[in-house]
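This is what each chain is made of:
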There are 2 protein chains.
Amino acid sequence: MALDLRKQQVLEAIVVSHIETAEPVSSRSIARKYNLGVSPATIRNEMADLEEIGLIRQPHTSAGRVPSQKGYRYYVDKLMKKADLTPREERLIRAIFAKRVKVLADIIQCTLKAVTQLTDYLVFLSGPYFENDVLKKIKIIQLMPGKALLVIMAETGWVHSKGMDLSSDITADDLAYIELVLNHYFQGLTFTQITRTVLKDVYNELTRYRKTINHILEIMEVVLQEEMKENLYLGGTNRILKQPEYSDVEEVRNLMNFIEREENLITILQDADPYRVTVKIGEEIKSEQATKYSAITAAYNIGGNIMGTLGLLGPMRMDYARAMTVVEHITSVLSEALSEDNFY
Amino acid sequence: MALDLRKQQVLEAIVVSHIETAEPVSSRSIARKYNLGVSPATIRNEMADLEEIGLIRQPHTSAGRVPSQKGYRYYVDKLMKKADLTPREERLIRAIFAKRVKVLADIIQCTLKAVTQLTDYLVFLSGPYFENDVLKKIKIIQLMPGKALLVIMAETGWVHSKGMDLSSDITADDLAYIELVLNHYFQGLTFTQITRTVLKDVYNELTRYRKTINHILEIMEVVLQEEMKENLYLGGTNRILKQPEYSDVEEVRNLMNFIEREENLITILQDADPYRVTVKIGEEIKSEQATKYSAITAAYNIGGNIMGTLGLLGPMRMDYARAMTVVEHITSVLSEALSEDNFY
DNA sequence: AATTAGCACTCGTATCAAATGAGTGCTAAA
DNA sequence: TTTAGCACTCATTTGATACGAGTGCTAATT
């Protein structure tokens, strides 16, 4: 779909103007604001063409034009100019991340706060997950009679542990043996591989300790599930309501409905390309309910390993240039902050 | 404020009817629906009196009456009749809690789900917190050179642990000594006491290991903070939008604003009386922004120890009788489920 | 003394027609 | 190829009117 220069200019004008005002854009207003050197009538002709190709549409006969999903896509891919943060905004971000706390939950709060202050869209974010982390060593440590600690050490250096109850007739030797077998089976496998396939094999190996091993495997599964589960953090719910599309209650209801189902947001984060800023427009988001929204995502990393993803959700008429800049900038600051130090 | 019987009946009729319809209640509709054996004119006279005392108000001259905050309070304290769950609802709850999973996060999800299905209000819930838990024993376990595990065992039986990095020149003997001193200082104290006061004392005692001990105390503080922090879970955001008061966008915005500040909800949970179902109406909730809402709360326990609180937030015109029954019933089911087994 | 029928009065809301005006599409001239 | 001009469309605003739900008060009734 190759457009001549003027059609591109008209399309860009429509998109930019509609993003700014949220109103349909008329031929006259384009002629006035963007001096393309032609009259409204000419622009109207171009608009008729653009509509035929499906890049813009008319809400009703006597209204201006608004971009279609395809139109936004064309704009994002070919026409959009990169936005920059103002020095003031850069300072704001630095200030928010400055009070360096070493707790993961806190730095995630900082991230939410920063993005919330920079945009009026919904921010969401998956916490670090370890599905590709490789198991290095398992330890079972007896704390007192009937109580032990299951410790799972991973290649990344993270240590996951959980207390558990044991029947009191298990001896230290028994535990040592169980530990040995577990290590034999699981060392070098990723968390995903462990939960998916091999937990059951071990069960058969250790028939002698059937009850205990059953219990331990259960706990182990719990630990792994917990660490692999997508922890979702959410912010900006009130901010996004500022967008004029949500002065209609029905729209608000739909939106709330969408974001209350965490799977929806998690799917968006999982579908994201981990190596670049991803833009999904309208139906490109794989969800029946999301046809009116757009999402921008980017992954963050710890020492180069992708650990999670940050997302922005807004109406299709969102300021893509700015949103992309913000998401990119914040994920990079976040990655930096996380890599700099050990977190707990 | 003693009201004669008929005034009470009129007030009750107004509250009940307004809770049901969300519309101002007229004298005629009362005469029709609740047969008090008097004419609308008489009821009008009573209403004028009730208005003078401040129990009801008139939105505008030619409208019916609605209960005031004081009016709801009077209703809740003196007039309200206990609601019961239908057998069908009881079954629903049992079904939801039936698929007994031993993971704390899961049972909390069950709770949210159950309440969401039973009411159209906002549900929120603090996870178990341990501020009054008493420290039984600390263990520091070396996992490999430069890596150790800090384990904190508490009287309740819960085990909290966290991995940490150590400088490699620390020997096993050093750790044993540090462990000894820490136990000496902290055994028998509650988590709150430990973080509030004594962490620094130990620091001075162990000057020889200044760097290491500093690090360990830091980790310890992180662990304790994390376990003592109010974990807030939230549900029903879309459900509450069904309430007719939220067909006005401005109201929705206010509500979202309120619930997005977690402190607001946490404060409500903390202000609750742990030993009975608490009802806060309008300004009784200590927050500028909550003058239009009401909150119902009840605590849940594990083996008799209060561990957290469940709350419902709705418009002041909420179905108090039903909400109270639901909250009471669910907290008791939740307590039972939690006490029955060990959770991880 | 308490109740109630009756009626005037208030005030929000629904209805409807007319006016408005923003915007387009088409045609014919430049 | 561009554009001025004009007829046409249609959502929105406006204002006038009617409507009706509800109250408060007074005078009659029990």
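Here's what I pulled together on the structure shown here. Computed from a predicted model, the values in this text were never measured in an experiment.

Moving on, we get to the overall build of chain A. From N to C terminus, chain A includes 13 helices and 10 strands. Scaling as 2.2 N^0.38, a compact globule of 344 residues should have a C-alpha radius of gyration of about 20 Å, whereas chain A reaches 26 Å, well beyond that. Its C-alpha atoms give chain A principal-axis dimensions of about 90 × 40 × 40 Å. Surface summary for chain A: the accessible area is close to 15900 Å², and the carbon and sulfur share equals 47%.

Attention now goes to helix 3 (residues 40–53) of chain A. Residue and element names in this part refer to chain A. An ideal rise of 1.5 Å per residue puts 20 Å on 14 residues; helix 3 measures up with 20 Å between its terminal C-alpha atoms. Within helix 3 the residues assigned to the buried category are Ile43, Glu46, Met47 and Leu50. Buried positions in helix 3, seen along its axis, are confined to an arc of 105° and lie on one side of it. Facing away from the buried side of helix 3, by more than 90 degrees, are the exposed residues Asn45 and Glu52. Against the buried residues of helix 3 lie helix 1 (5–21), helix 2 (27–33) and strand 1 (56–57). Positive backbone phi, approximately 95°, marks glycine 54, located one or two places after helix 3.

With respect to spatial proximity, 20 residues lie near DNA strand D, and among them A:Arg6, A:Thr42, A:Ser62, B:Ser27 and B:Met47 are the closest. Sugar and phosphate atoms constitute 81% of the interface atoms of DNA strand D, taking the interface as everything within 4 Å of the protein. Here a phosphate oxygen of DNA strand D sits 2.5 Å away from a polar atom, N or O, in the side chain of A:Thr42. One of the side-chain nitrogen or oxygen atoms of A:Thr61 is found 3.3 Å away from a phosphate oxygen of DNA strand D. At the level of elements, helix 3 of chain A together with helix 3 (40–53) of chain B are the ones that each hand at least two residues to the surface near DNA strand D. The element that contributes the greatest number of residues to the surface near DNA strand D is helix 3 of chain A, accounting for 3 residues. In terms of residue class, the surface near DNA strand D is built from 4 nonpolar, 12 polar and 4 charged.

Time to look at the relation of the copies chain A and chain B. Overlaying chain A with chain B gives an RMSD of 0.2 Å, the required rotation being 179° about an axis along which the chain moves by 0.1 Å. Considering both components of the superposition, the chain copies are consistent with a two-fold axis. Comparing contact sets, 98% of the residues at the interface of chain A also lie at the interface in chain B, consistent with an isologous, same-surface contact.

On to the protein's contact with DNA strand C. Taken together, 21 residues form the shell around DNA strand C, and within it A:Ser27, A:Met47, B:Arg6, B:Thr42 and B:Ser62 come nearest. Residue A:Ser27 places a side-chain N or O atom 2.7 Å away from a phosphate oxygen belonging to DNA strand C. At a separation of 3.1 Å, a phosphate oxygen of DNA strand C approaches a polar side-chain atom of A:Arg65. For the surface near DNA strand C, the secondary structure elements donating two or more residues are helix 3 of chain A together with helix 3 of chain B. Per-element tally for the surface near DNA strand C: the top contributor is helix 3 of chain B, with 4 residues.

Looking at the second largest pocket, its volume works out to about 570 Å³. Every residue lining the second largest pocket is counted, 22 residues in all, and those nearest its centre are B:His18, B:Arg57, B:Glu245, B:Lys292 and B:Arg317.

All names here are of chain A. Under the criterion given, the structure shown has 4 aromatic pairs over all chains. Ring centres of phenylalanine 258 and tyrosine 293 lie 5.4 Å apart, and the angle between their planes is 50°; on these two criteria the pair is classed as tilted. Of this pair, phenylalanine 258 sits in helix 11 (residues 249–260) while tyrosine 293 sits in strand 9 (residues 293–302), and the two are 35 residues apart along the sequence. Classification of tyrosine 293 by relative accessible area gives buried; the value is 2%.

Residues and elements named next belong to chain A. In terms of residue burial, strand 6 (residues 159–165) counts as a mostly covered element, since 6 of its 7 residues are buried. Alignment of strand 5 (residues 147–154) against strand 6, held across 7 bridges, turns out to be antiparallel. Across the sheet, leucine 149 pairs through a bridge with glycine 163, a residue of strand 6. The turn linking strand 5 back onto strand 6 is made up of 4 residues, and glycine 157 within it adopts a positive phi angle of 100°.

Bringing the side chain of B:Asn183 into the picture now. All names here are of chain B. Counting through the fold element by element, asparagine 183 comes out in helix 7 (residues 172–186). Look at asparagine 183 and you get buried, because its relative accessible area is 9%. In terms of polar contacts, asparagine 183 uses its side chain to reach the backbone amide nitrogen of isoleucine 138, at 2.8 Å. Discounting residues that sit within four places of it in the chain, asparagine 183 has contacts with Lys137 and Ile138.

In this section: helix 4 (residues 69–79) of chain A. Here helix 4 of chain A has its buried residues at A:Gly71, A:Tyr72, A:Tyr74, A:Tyr75, A:Val76 and A:Leu79. In the core, the buried residues of helix 4 of chain A are packed alongside helix 1, strand 2 (66–67), strand 8 (278–281) and helix 13 (320–340) of chain A.

As a further point, take the environment of A:Tyr74. Residue and element names in this part refer to chain A. Residue position: tyrosine 74 is located in helix 4. For tyrosine 74, a relative accessible area of 6% translates into the label buried. Placed 49 residues apart in sequence, tyrosine 74 and valine 123 show a C-alpha to C-alpha distance of 25 Å. There is a polar contact of 3.3 Å between the side chain of tyrosine 74 and the side chain of glutamine 8.

All names here are of chain B. Look at helix 7 against helix 9 (residues 210–228): their axes get within 12 Å of each other, and the N-to-C directions meet at 50°. Judged by the inter-axis angle, helix 7 sits oblique to helix 9. Once helix 7 is placed against helix 9, the crossing between them reads as right-handed. Contacts between helix 7 and helix 9 involve Ile178, Leu182 and Phe186 on the former and, on the latter, Thr212, Ile213, Ile216, Leu217 and Met220. For the contact of helix 7 with helix 9, a count of residues per class yields 7 nonpolar, 1 polar and no charged.

Calculation notes
Residues numbered from 1 in each chain as written. Chains lettered and ligands numbered in written order. Predicted model: local features only at pLDDT ≥ 70, side-chain atom pairs only at ≥ 80, totals over all residues. Heavy atoms only, no water. Helix = DSSP H or I, 4+ residues; strand = E, 2+ residues; numbered from the N terminus. Rg over C-alpha atoms; globule rule 2.2 N^0.38 Å. Areas by Shrake-Rupley, 256 points an atom, 1.4 Å probe, with all protein chains shown as cover. Expected span 1.5 Å × (residues − 1). Buried < 20%, exposed > 50% of the residue type's maximum accessible area, 1.4 Å probe, protein only. Arc of directions from axis to C-beta. Contact = heavy atoms within 4.5 Å. Near = heavy atom within 4 Å. Polar contact = N/O pair within 3.5 Å; in protein donor to acceptor, adjacent residues only side chain to side chain. Nonpolar A, V, L, I, M, F, W, Y, C, P; charged D, E, K, R; others polar. Least-squares fit on C-alpha atoms with pLDDT ≥ 70 in both. 1 Å grid on protein atoms, 1.4 Å probe; cavity = no way out; pocket = protein on both sides within 12 Å on 5 of 7 lines; lining within 4 Å. Points joined across faces, edges and corners; volume = space filled by probe spheres on them. Phe/Tyr/Trp six-rings, centres within 6.5 Å; stacked < 30°, edge-to-face > 60°. Pairing = 2+ DSSP bridges. Axes fitted to C-alpha atoms, helices over the stretch in contact; angles between N-to-C directions. Parallel < 35°, antiparallel > 145°, perpendicular 65-115°, else oblique. Left-handed = near helix turned anticlockwise from the far one by under 90°.

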